[in-house]
Every structure is written in C-alpha cells, then in structure tokens.
Amino acid sequence: MKYSITIVILFWALLSAKSQDASIIATINYGQLEQCVQLAKEHYPRMKILELQEERAKSVRRAIPLTYLEGFNAFYFYRPEDRRAVNPENPYVFNGIQLGINFDLSTILQKPFLAKQAKADHKIAQYEIEAYDRLLETEVKARYYNYVMSMAELKTRNQDYQDAELMLSRSITIYENGELPIEQYNAIKMTTTSARSTLIQTEGAYLKAKDALEEMIGMDINEVK
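Residues numbered from 1 in each chain as written. Predicted model: local features only at pLDDT ≥ 70, side-chain atom pairs only at ≥ 80, totals over all residues. Heavy atoms only, no water.

What follows is about the overall build of the chain. In terms of regular secondary structure, the chain is built from five helices and four strands. The N-to-C order of helical and strand elements in the chain reads α-α-α-β-β-β-β-α-α. A burial count over the chain gives 29% of its 225 residues as buried. In the chain, 75% of the contacts between residues at least 6 apart in sequence involve partners at least 24 apart. (Helix = DSSP H or I, 4+ residues; strand = E, 2+ residues; numbered from the N terminus. Buried < 20%, exposed > 50% of the residue type's maximum accessible area, 1.4 Å probe, protein only. Contact = heavy atoms within 4.5 Å.)

On to helix H3 (residues 45-63). A rise of 1.5 Å per residue sets the reference length of H3, with its 19 residues, at 27 Å; its end C-alpha atoms lie 27 Å apart and thus fit the reference within 8%. For H3, every residue scored as buried is listed here: Met47, Leu50, Glu54 and Ala57. The buried side chains of H3 occupy one side of the element, clustering within an arc of 85 degrees when seen end-on. Exposed side chains of H3 directed beyond 90 degrees from the buried face belong to Leu52, Arg56 and Arg62. (Expected span 1.5 Å × (residues − 1). Arc of directions from axis to C-beta.)

Our next topic: the nonpolar core. Counting 28 residues, the largest nonpolar core has Leu136, Val140, Tyr144 and Ile221 as the members making the most contacts within it. Of the residues forming this core, the biggest block, ten residues, is contributed by helix H4 (residues 105-176). With near-sequence residues (within four places) excluded, leucine 136 lies in contact with Ala40, Lys41, Tyr44, Met47 and Met216. With six residues, the next largest nonpolar core counts Met167, Leu168, Tyr185 and Ile188 among its residues. (Core = buried A, V, L, I, M, F, W, Y, C linked by side-chain atoms within 4.5 Å.)

Now the structure itself:
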C-alpha cells in the first residue's frame, strides 16, 4: 500500500515539475509583436493627440510670416476734382485719390520673437512624439510579454488542475478499496481544490493581460498574425 501511495505522489510531482519547465521565450511571436507595436502607433488615442498637436504647431509656425502684415494699415481718401483743394469740408491740399499707410512698430518688432517661439513649439511637439513613440513601443512590448507569460501560466495551471483531477479520480478508487488512508485522501482533495483555485486566479490574470494589450492595439490579439 505504501508503495502505491508513493508512486501516486511521485507521479503528481513529476507532472507538476514537467509542466513548469517550459520557457516562454521560444513561444514569443516576434512578427506578431512588431505588428502590435505598429497598431498601437496608428490607433492609440494618446499618439493621435500628440500628432494633432504637432500639426497645429506646424501650422502656426507656417502662418507667422503672414502675420507681419498685421503691423501695417493702408488707407485712402478721395476728393472730387471739381472741388476746391482746401475748404472746411476738405482740409487736404490735393483733390483726387490720396493714399496713405501707417504701421505699428511694436507689433512688427514682436514678430521675430513670435516666429522663434512658434519654431520652438513645433520642435517640442516633434520631440514629444519621438519620446512617446519610444515609450509606447516599450509599453506595448511589456504588455505583450505579460500576455504571453499569463497565457503560458494559464496552460500550466490548467494542466496542473487536470492532473489533480485525474489523481483524485484514481485516489477515490484506492481509498474506497481501503488502500489509502483518509488523511492522504483528504490531502489529495485539498490539492485538487487548490489547483482549481489557482487556475481561476490565473484565468483572471490572463484576461486582464489580454485586455491591457488589446487596449493599446485597438483590436483582438487573436486577429493579429
């Protein structure tokens, strides 16, 4: 009887050890990973916001040269030719069309500084996109690795639970035949219950990791090849 119990326990231990030996590095699909990074750059809202801000800063920078005209103001006066050049209603020397122009010196002098500021704002917007591009790539990779890890862990815990159920099923027969002490039978049942609880927790972790990745790429990861 002792030998049969020992064999059952060793069989369970070997199965558990075997299920935990596999490395996840070999399971990483780098083509899928790069596709996830590209999808995040194309669809993630924060990246779109930064791109729009950069486009706005570029538009402001391009419009600055046209604003130089704001400092100038042109005007004209018209006096019919058949009127006397100087009278109370026409305090001007000449008849006909008179043109004039004035300018606001302070406004004109501000323009080079505004142009420099617009150029700097555009450059900052470009740097923000570049920095976030790198940050986004790192974050997508981290979430992808976490997703792969959680998926591998789920497979392991699912196999552990199946093995525990199989061992429990076999133990019932041994216990009913009086070949297995109740203490060890209860221990096997507790192991099976623990394996099921761990499996449920692992399923939750897997779903969270999957959702976190899909939030960034904007689609179901199973559709990304």
